[in-house]
Amino acid sequence: MGVIELGYLGFSVSDGEAWKKYASATVGMQLVDKGEKNRFHFRMDQWSRRITVDVNGKDDLSYIGWRVSDLDALAEMADTLAGANIDFAWGTDEEAEERDVLGLLKLLSPGGVPTEIFHSPQVDVGKPFHPGRPMYGKFLTGDQGIGHIILNEPDVEKAIAFYKLIGMSGGVDYKLALPNGMIAQPVFMSCNERQHSVAFGLGPMEKHINHLMIEYTELDDVGLIHDDIRKQDIDVALQLGKHANDQAVTFYAATPSGWLLEMGWGARKTLKHSEYYRGDVFGHGSEAKGYGMDIEL
Ligand code: MBD
Ligand code: FE
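This one's a predicted model, so the numbers in the text were calculated from it and none came from an experiment.

**Quick word on unusual backbone geometry**
Part 1 of the argument: The backbone of N38 sits at a positive phi, close to 55 degrees, despite the residue not being glycine.
Part 2 of the argument: Tracing the chain through its elements places N38 in the loop between β2 (30–32) and β3 (39–43).
Part 3 of the argument: Take N38: its relative accessible area is 42%, and that puts it in the partly exposed class.
Part 4 of the argument: Although it is not a glycine, N85 sits at a positive phi angle of roughly 60 degrees.
Part 5 of the argument: When you line up the elements, N85 lands in the loop between α2 (71–83) and β6 (89–90).
Part 6 of the argument: Classification of N85 by relative accessible area gives exposed; the value is 71%.

**Quick notes on the coordination of the iron ion (ligand 2)**
Part 1 of the argument: Looking at the iron ion (ligand 2), one finds its protein donor set to be H148 (NE2), H211 (NE2) and E262 (OE), positioned 2.1 to 2.2 Å from the metal centre.
Part 2 of the argument: Taken in chain order, the donor set of the iron ion (ligand 2) reads H-x62-H-x50-E. Residue H148 is located in strand β9 (residues 147–151), and its partner E262 is located in strand β18 (residues 260–265); the two are separated by 114 residues in the primary sequence. Each member of the pair, H148 together with E262, is buried.

**Let's talk about the site of ligand 1**
Part 1 of the argument: Inspection of the region around ligand 1 gives H148, Y174, F188, H196, H211, H243, N245, Y252, E262 and M293 as its neighbouring residues.
Part 2 of the argument: One nitrogen or oxygen atom from the side chain of H243 is found 3.4 Å from an oxygen atom belonging to ligand 1.
Part 3 of the argument: E262 places a polar side-chain atom, nitrogen or oxygen, 3.3 Å from an oxygen atom of ligand 1.
Part 4 of the argument: When isolated, ligand 1 has an accessible area of 260 Å², and the protein chains bury 99% of it.

**Structural notes on the domain arrangement of the protein chain**
Part 1 of the argument: With domains assigned, the protein chain is organised as domain 1 (5–121) and domain 2 (142–283).
Part 2 of the argument: Its C-alpha centre places domain 1 at a distance of 20 Å from the equivalent point of domain 2.
Part 3 of the argument: Contacts between the two partners involve 40 residues from domain 1 and, on the opposite side, 42 residues from domain 2.
Part 4 of the argument: For the domain 1 and domain 2 pair, buried surface summed over both sides reaches about 3,000 Å², with 71% attributable to carbon and sulfur atoms.

**Quick word on the pattern of salt bridges**
Part 1 of the argument: Taken as a whole and assessed by the stated rule, the structure comprises 15 salt bridges.
Part 2 of the argument: Between R39 and D54 there is a salt bridge, with the nearest N and O atoms lying 2.8 Å from each other. With R39 in strand β3 and D54 in strand β4 (residues 51–55), this pair connects stretches of sequence that are 15 residues apart.
Part 3 of the argument: A network of salt bridges, in which partner residues are shared, links R39, D54, E98, R99 and E116.

Rules behind the numbers
- Residues numbered from 1 in each chain as written.
- Chains lettered and ligands numbered in written order.
- Predicted model: local features only at pLDDT ≥ 70, side-chain atom pairs only at ≥ 80, totals over all residues.
- Heavy atoms only, no water.
- Helix = DSSP H or I, 4+ residues; strand = E, 2+ residues; numbered from the N terminus.
- Buried < 20%, exposed > 50% of the residue type's maximum accessible area, 1.4 Å probe, protein only.
- Donors = N, O, S within 2.8 Å, 3.2 Å for Na, K, Ca; no water.
- Near = heavy atom within 4 Å.
- Polar contact = N/O pair within 3.5 Å; in protein donor to acceptor, adjacent residues only side chain to side chain.
- Areas by Shrake-Rupley, 256 points an atom, 1.4 Å probe, with all protein chains shown as cover.
- Domains from an automatic or database assignment.
- Contact = heavy atoms within 4.5 Å.
- Buried area = accessible area lost by both parts, 1.4 Å probe.
- Salt bridge = Lys/Arg side-chain N within 4 Å of Asp/Glu carboxyl O.

Structure, rendered in structure tokens:
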């Protein structure tokens, strides 16, 4: 049994106050501030947390948490990694407690992304999710996880093999013309009904992360947040549009850390048979530059 969802994320940031305001009052996540020094969390659903922010000045993804179904699945994963000669360590009880999970493995992806594979997140059933802004609906998480993440994996073949080994499937979804005349062939991989939970191969990147995509259950929430982002003059790297592969209506806004948050609605489920595209359904025009998304979709 492989991974089943993008379960949790850790980010390092330089401006904690800007993040608190952006992720809650603009984006709608629930701030969880337990008074920990230089650390706070965000909820997106009944989980005790989905995102942990450490204020330490790095402005990058600090770790990614992939969920497996239970302890047996985690033990099986450990055997799989050992069999493939991939270095990993079992997280200590303290490390599991720190993540609000019952157990985890720690390793690095081929591109050096700190990767954790865990089971049994803490679900706070007595604390209904309370969005940080008025919302018509909710975040679409559940069995589909937080959303999807675009990672820096310079060796695409190695990355495909790694994510397949831990239980994902997928491949090239697009052939895209780049400004330099080259053709990008980004790879999108899935572990559940979300069409992709991870993607890579969009070209050279400075950080581990290019963007995190989160999905709303109501289009009107994406529209209202888009209005809000425009009113605040926050950079939009790709304008509103509809993707070919997951059919989600999305736009890409800058976070206070300089990487992008893709906010969307209406994605279809993972296809049974693969296809590829030369561009998107509509929109996604390139606007603010310098976010590693200077592509023609
Ligand atoms: C996506 O979510 C995406 O970020 C890109 C670049 C292409 C298709 C779907
Ligand atoms: Fe995306």
